[in-house]
Amino acid sequence: QVQLVESGGGLVQAGGSLRLSCAVSGSIFSFNLIVMGWYRQAPGKQRELVATISGGGRTNNADSVKGRFTISRDNAKRTVYLQMNSLKPEDTAVYYCYARTPVNREDWGQGTLVTVSS
C-alpha cells in the first residue's frame, strides 16, 4: 500500500507564496517510474489538474497556473513539491497529491487546504 502525505498548506495573502510537499511511503517498486501530480478542488467545483511531473522530470501545468506554479520532485526523498507564487484568491482550494504507477494504479493524499485572502 502506498501513502501520500501532503503538507505546507495554509492561509496567505494574494500575491504571496506557499510551497506544498507530498511525501510518498509504502511499497513502491521504483519511485522513479511513478508519475506524480497535484490536483485541487475549490468549494462547489470539480477536482482539476494543477500540474504533473514524470519520473524523468517532464512537467505539465494547467494554463491557469503557468508562470506562477512550479512542480518538482526529489526521487531520492520520494517527495514531490509544488511551489506556488503570485497566489490569487481563485487559487483557494484543497490541494491533493496524486501518484500513478506504470500499471495505472492511482493513489491520492488526504489533501491540504490553501486559502488565499484578497
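Overview of the structure. This structure is a prediction, so every number in the text was calculated from the model and none was measured.

Considerations on the overall build of the protein chain
For the protein chain, the count of helices and strands is zero helices and eleven strands. In the protein chain, the order of α-helices and β-strands from amino to carboxyl end is β-β-β-β-β-β-β-β-β-β-β. Here the C-alpha atoms of the protein chain give a radius of gyration of 14 Å, agreeing with the 13 Å that 2.2 N^0.38 yields for 118 residues. Taking the principal axes of the C-alpha coordinates as reference, the protein chain spans close to 45 × 25 × 25 Å. Taking all 118 residues of the protein chain together, 42% fall into the buried category. In the protein chain, of all internal contacts separated by at least 6 residues, the share reaching a separation of at least 24 is 53%. Both charge centroids of the protein chain, one from 13 positive and one from 8 negative side chains, sit 4 Å from each other.

So, how was this worked out
Residues numbered from 1 in each chain as written. Predicted model: local features only at pLDDT ≥ 70, side-chain atom pairs only at ≥ 80, totals over all residues. Heavy atoms only, no water. Helix = DSSP H or I, 4+ residues; strand = E, 2+ residues; numbered from the N terminus. Rg over C-alpha atoms; globule rule 2.2 N^0.38 Å. Buried < 20%, exposed > 50% of the residue type's maximum accessible area, 1.4 Å probe, protein only. Contact = heavy atoms within 4.5 Å. Lys, Arg positive; Asp, Glu negative; His and termini not counted. Charge placed at Lys NZ, Arg CZ, Asp CG, Glu CD.

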